[in-house]
There are 2 protein chains.
Amino acid sequence: MATYKAPLRDMKFVYRELFDGDALTSLPGYADFSADVVDAVLEEAAKISQEVLFPLNRSGDEEGRHFENGVVRTPKGFKEAYDQFTAGGWTGLGADPEFGGQGAPKALNMLVEEMICSANMAFGMYPGLTHGAYNALKLYGTDEQKQTYLPKFTDGTWSGTMCLTEPQCGTDLGLVRTKAEPQADGSYNLTGTKIFISAGEHDLTQNIVHLVLARMPDAPPGIKGISLFICPKFLPKPDGSPGARNGASCGAIEQKMGIKASATCVINFDGAKGWLVGEKNKGMRAMFAMMNTARLGVGVQGLGLSEVSYQGGLLYARERLQGRSLKGTVSPEKPADSLIVHPDVRKNLLTMKALTEGMRALVMWVSTSQDKAEKSATEAERTEHDDLIQFLTPVVKAFGTDIGFDNANLGVQIFGGHGYIREHGMEQFVRDARITQIYEGTNGIQALDLVGRKMTAHYGRYMRAFFHPVQAFIEQNAADPAMEEIVTELAKGFGRLQQAVGQIAQKGMSNPNEAGAGASDLLKLLSYVSVGFMWARMAKLALGKQNDDPTGFYKGKIKTAKFYMHKLMPITGALLSSIMAGGETIMDMEDELFDAGLAA
Amino acid sequence: MATYKAPLRDMKFVYRELFDGDALTSLPGYADFSADVVDAVLEEAAKISQEVLFPLNRSGDEEGRHFENGVVRTPKGFKEAYDQFTAGGWTGLGADPEFGGQGAPKALNMLVEEMICSANMAFGMYPGLTHGAYNALKLYGTDEQKQTYLPKFTDGTWSGTMCLTEPQCGTDLGLVRTKAEPQADGSYNLTGTKIFISAGEHDLTQNIVHLVLARMPDAPPGIKGISLFICPKFLPKPDGSPGARNGASCGAIEQKMGIKASATCVINFDGAKGWLVGEKNKGMRAMFAMMNTARLGVGVQGLGLSEVSYQGGLLYARERLQGRSLKGTVSPEKPADSLIVHPDVRKNLLTMKALTEGMRALVMWVSTSQDKAEKSATEAERTEHDDLIQFLTPVVKAFGTDIGFDNANLGVQIFGGHGYIREHGMEQFVRDARITQIYEGTNGIQALDLVGRKMTAHYGRYMRAFFHPVQAFIEQNAADPAMEEIVTELAKGFGRLQQAVGQIAQKGMSNPNEAGAGASDLLKLLSYVSVGFMWARMAKLALGKQNDDPTGFYKGKIKTAKFYMHKLMPITGALLSSIMAGGETIMDMEDELFDAGLAA
């Protein structure tokens, strides 16, 4: 049976020991987040995740959300859980104190997000989408908009959505057709159909606030003619409470592979009243403000599912008795040995552990950088941290979700036939994880973001924010005998990454299809090196602490680092070979030959 | 929307041109299967698959099978489709003429199986399981058992099951507890509970015949005490018709991730009457006779899902307009270019094409070998063909199902968010494919079968049946300039395979955990080389034929072969590195350290 316990020891390790999260208290607004407060937040988050959200995960999947006459009802227990969630202040953990929030560091917030996603990803979608709306309004909203909406988002009484996709456009938002007609009172009438709107309609909050991409009558074609609007389900009254029903309604909900407790809605805007957010025709900029944070959040969904799948697989591998160790019986008193004695099962478990904990460290690197990028004293510091975030966002989104899906599958595999049965809860993680590789920009789009934007911006400045610390670490530790085994493999991977970047930069200059053809391989190569860098840093830290540690935690870190380097890092060689082979064999095939085998 | 058209051109290519299937007519019993008969069979199979089975695939998934008071009802349309299926003679295509079958070559049968699995895998489970029962009885049954059951299996009025798994034992059949008590009349009373019994109960046939592993009272412990029994739902009357209800009944059905139209049953044996099949305590031998064929069949399920996922992805990539080509607009008259212009989408499509067609060729190699192993004139010939089958069975099972699952996922990915929505039919292939990596021996077990049995048997004789033709092909074509690019990459992969086999054989001798730790990597390495060998052979053939071919079919083959060599074969380098790193980092971790991160 699936099981979940928040990995608090590991979370504190990456937050505190690896990235000195307690030092964030020196940044403006974070003074309260001392070690004991951080611990208390983590422990309380663990409690609500384990005790309230996780028990609703299977039942929510089985029951799904309901739809009748435009009304969406969440599964049994969700409303009560959401009320506990808001009462505990969890919707406002990361929100600004000026709007009633607790103003916690983003890094701490990310750990809490991970727990929620492990425990019940579908539930997490409801408060989760609100974060994007909060960020967009905070950055681009007027003071009045902020005062009207942000306190409600913070206390969780209202929720937000992001209305981007339409039937004819997903990735290519330049094709958006929803119209925004200016009205005499300064508002706009929105008309059009949006699809795939997560939490677009539900029964958890008093109001639902849509952030909508639409086009004004005089807008230029393509993405340069897109503006962002705010359009609440109920129009706020002067006292701030929900008033008249607006013309935005749920026309249907989707039947999906997973996250069945989450309502994915068709939202029809029939002359709904909305207001411009930010500048006219600059909607894409505001959208990217939401999107970049959202992409990190989606990576963390993958991480959360990876962790919970690992825990289920590990428990089963210990309890299920099947076969005997290849080296001879381990438990003669039992009818068979535990699955965990078998090398292939151990390999799957170590793969899950190495990728999950490595990704958690990477998320901490990026999210402590977010805090520093926002609050550091000098612009130079802020820029440096932001550069790293820019560069690693596609890694966190794509690799976080790829390992979420892959590890969910390894969890099922360890369970064997029992993993395929719904009641054990393991196959749900696979179905839930599958969407994370798609939404907020497919992982293929993340790869294009890497080679097309992140690598080239400011003459490679983002890239240097990553390359420099890796290079420096390798140089500083090359002579340490205890680190040799690890640094050697990291350096191999890093060398391959440098060569691959050079190849793609050079060939892509004369032929952009060459950059496109190598993009996914490069993103994967960068991902393995990034997570490898995390493991090298964790091993370094653990080597200094392992002797005083009766729990074996640090010893386990060192062993996992070695596993990663010897068993997972080699993929970087294959990725480099594929990249060096270029894109010719991809672009060369005539379109009509793809199905020449179908003729009679 | 998902779509399916049988890939007849490619099927005829692998059957006829690549493996000279028409020459099978020279083998005893196959004289009738001339080219025109083979073509007619394929075309009729395409028709029933496309027109009858495929249209029931989505509805069957949505409705699922029903269970009430021990009775299983298949989804709407299944009974009518099954009646058409039996009326068309499809249940007897591969069965022996002496029992009313058409005695078609196994290779032809495999192509038909592939179509059924593409069109409706869940439907295919019902007649599919009967094949295993047929084979076991044909090999080990008494004349009376054969006369009673095989004609009914052949005309499809009765179906068969394989009852192996119990709650406490899946992989480890030595733990079987079901009891068989000898009766005075020579029969046995079977008592116990079997789980995960596909087609264990349903409404398609007049009788359901269980082949059951059970233990006699005096049986030695473990797998040496397992016998095989036949136990029909209705006891056959002297005239052969179904008589009294036997004590084998369906206690429950499983709620599964996929193949929802297929009934996966708990079968309770409450003193049910059964008869021994084959020798007492030699049940495992008979079970393996069923199992080996079944493993190839499961690989073909993966292949079928891979093909149908490819077709859906390709259609969508052509029709969906999104974004512009990186090299500049391709279709200025349209609001956006087709997805297929984008390098990453093309890469996904080519990956699907290369793996699907390569696996189809490999299946043809193995299944034409099955025909020759059974019917060749001399024992030496029969043995040589059987050796190849033995060696490649784990490849077909594990790699066939891995590509089935991976390509189903690529199909979803090309569809983006629409792939995640049930109505488009793409996500069903992912859910259906997932079980194939698990049942009939998980893919991890296939890897152990490779290193523990197939590599070592008869001092490596099975292995040589594969290594020799690959080596010979490389030598014969090394000097051909047109083949150089392809042979070079194949030789690289083959060299890595040889090195890896040497490493595992040597290290595994002193420490079996070393063999276990490298097994999955080795199976994957062997798989990529096997499919690479198929591509090299297909390219060679196509090079000689491309000039007279207005359709471009052969040109497409050559281009796909090059894609495979440059973009997919490099993984063999990473697999070799991982194997050479040994199993120490896998076995070295203390069990209790796997979750040291969970402490508070």
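Everything numeric in this text was worked out from a predicted model, so none of it was measured.

**What to know about the interface of chain A and chain B**
In this complex, chain A contributes 110 residues to the contact, which on the side of chain B involves 110 residues. For the pair chain A and chain B, the summed buried surface comes to about 9200 Å²; carbon and sulfur atoms form 60% of the total. The tally of links from chain A across to chain B stands at 12 salt bridges. Asp591(A) is the salt-bridge partner of Arg346(B), the closest N and O atoms lying 2.9 Å from each other. The interface formed by chain A and chain B includes 60 residue pairs in polar contact (both at pLDDT 80 or more). At nine residues, the largest contribution of residues to the side of chain A that touches chain B is made by helix α15 (residues 553-568) of chain A. Looking at the side of chain A that touches chain B residue by residue, the classes come out as 47 nonpolar, 31 polar and 32 charged.

**Structural notes on the confidence of the model for chain A**
In this model, chain A carries an average pLDDT of 97, and 100% of its residues clear a pLDDT of 70 or more. Here the complex is predicted with pTM 0.98, and the ipTM for its interfaces comes to 0.97.

**Comments concerning the relation of the copies chain A and chain B**
Rotating chain A by 180° and translating it 0.0 Å along the rotation axis places it on chain B, where the RMSD comes to 0.0 Å. Classification of the inter-copy transformation places it as that of a two-fold axis. When C-alpha positions in chain A are compared against the rotation axis, the closest is assigned to Ala574(A), at 2.8 Å. Same-surface contact between copies: 100% of interface residues of chain A are shared with the interface of chain B.

**Quick notes on the packing of aromatic side chains**
In total, this model carries 41 aromatic pairs over all chains according to the counting rule given. Here the aromatic rings of Phe85(A) and Phe123(A) are separated by 5.5 Å at their centres, their planes lie at 70°, and the arrangement is edge-to-face. Within this pair, whereas Phe85(A) is found in helix α4 (residues 78-87), its partner Phe123(A) is found in helix α5 (residues 106-140), the two being separated by 38 residues in sequence. Exposure remark for Phe85(A): the relative accessible area of 3% places this residue in the buried category. A relative accessible area of 0% places Phe123(A) in the buried class. Here Phe405(A) and Phe405(B) contribute two aromatic rings whose centre-to-centre distance is 6.0 Å and whose plane-to-plane angle is 5°, an arrangement assigned as stacked. Of the two residues, Phe405(A) is situated in helix α9 (residues 379-415) and Phe405(B) in helix α9 (residues 379-415); the pairing between them involves two chains. The exposure class of Phe405(A) is buried, given its relative accessible area of 4%. Put simply, the rings of Trp365(A), Phe391(A), Phe466(A), Phe467(A), Phe473(A), Phe494(A) and Phe533(A) pair up and form one aromatic cluster. Residue placement shows Arg434(A) over the ring face of Phe405(A); its charged tip is 5.4 Å from the ring centre.

**Points about the domain arrangement of chain A**
Domain annotation for chain A reports domain 1 (8-140), domain 2 (156-283) and domain 3 (442-588). Between the C-alpha centres of domain 2 of chain A and domain 3 of chain A there is a distance of 39 Å.

**Quick look at helix α1 (residues 8-18) of chain A**
Residue and element names in this part refer to chain A. When you tally the buried positions in α1, you get nine out of 11 residues, the bulk of the element. Among the residues of α1, Leu8, Arg9, Asp10, Met11, Lys12, Phe13, Val14, Tyr15 and Leu18 are the ones counted as buried. Looking at the buried positions of α1, the neighbouring elements they touch are α2 (35-53), α5, α8 (343-375), α14 (512-545) and α15. With its phi angle positive at about 50°, Asp20 sits one or two positions after the end of α1.

**Some details on the pairing of strand β3 (residues 158-163) of chain A**
All names here are of chain A. Of all six residues in β3, six are buried, a share of seventy percent or more. Taking every second residue as pointing to the same face, both faces of β3 are buried, with Trp158, Gly160 and Met162 on one and Ser159, Thr161 and Cys163 on the other. Sheet topology places β3 next to strand β6 (residues 207-215); six bridges connect them, and they run parallel. Bridged to Thr161 within β6 is His210.

**Quick look at helix α13 (residues 484-510) of chain A**
The end-to-end C-alpha separation of α13(A) is 40 Å, in line with the 39 Å expected for 27 residues at 1.5 Å each. Residues of α13(A) that are buried: Ile486(A), Val487(A), Glu489(A), Leu490(A), Gly493(A), Phe494(A), Leu497(A), Ala500(A), Val501(A), Gln503(A), Ile504(A) and Gly508(A).

**Comments concerning the pattern of salt bridges**
Residue and element names in this part refer to chain A. Scanning the model with the defined rule gives 83 salt bridges over all chains in all. In this structure, Glu485 engages Lys562 in a salt bridge whose closest nitrogen and oxygen atoms are separated by 3.6 Å. Residue Glu485 is found in helix α13, and its partner Lys562 is found in helix α15; the two are separated by 77 residues along the sequence. Classification of Glu485 by relative accessible area gives partly exposed; the value is 33%.

Here is what the cut-offs are and how they apply
Positions within a chain are numbered from 1, following the residues in the order the chain's sequence is written. All chains are assigned letters beginning at A, and all ligands numbers beginning at 1, according to the order in which they are written. Local features in this predicted model are restricted to residues whose pLDDT is 70 or higher, and side-chain atom pairs enter the listing and the counts only when it is 80 or higher, whereas totals over whole chains, interfaces and linings include all residues. Side-chain metrics in this entry use all non-hydrogen atoms of the structure; hydrogen atoms and water are not considered. Here, two residues are considered to be in contact whenever any of their heavy atoms come within 4.5 Å of each other. Two parts placed together each lose some accessible area under a 1.4 Å probe, and adding up what both lose gives the buried area. Definition used for salt bridges: Asp or Glu carboxyl oxygen within 4 Å of a side-chain nitrogen of Lys or Arg. The definition of a polar contact used here is a pair of N or O atoms within 3.5 Å, where within protein one atom must be able to donate a hydrogen and the other to accept one, and adjacent residues in sequence count solely through side-chain atom pairs. What counts as a helix is a DSSP run of H or I of at least four residues, what counts as a strand is a run of E of at least two, and both are numbered from the N terminus. Note on residue classes: Ala, Val, Leu, Ile, Met, Phe, Trp, Tyr, Cys and Pro are nonpolar, Asp, Glu, Lys and Arg are charged, and everything else, Gly too, is polar. Here pLDDT means the predictor's own confidence in every residue, given as a number from 0 to 100. Least-squares superposition of the copies uses the C-alpha atoms of those residues scoring a pLDDT of at least 70 in each of them. In summary, the pairing rule links any two rings of Phe, Tyr or Trp, Trp by its six-membered ring, whose centres are within 6.5 Å, and it sorts them by plane angle into stacked for under 30 degrees, edge-to-face for over 60 and tilted for everything else. Accessibility here uses a 1.4 Å probe with only protein chains present; expressed as a share of the type maximum, an area under 20% marks a residue as buried, one over 50% as exposed, and anything in between as partly exposed. The rule for a charge over a ring is simple: NZ of Lys or CZ of Arg within 6 Å of the ring centre, and within 35 degrees of the ring normal. These domain limits were set by an automatic method or by a database of domain assignments. Note on pairing: DSSP must find at least two bridges between two strands before they are called paired. Expected span of a helix: the number of residues minus one, times 1.5 Å.

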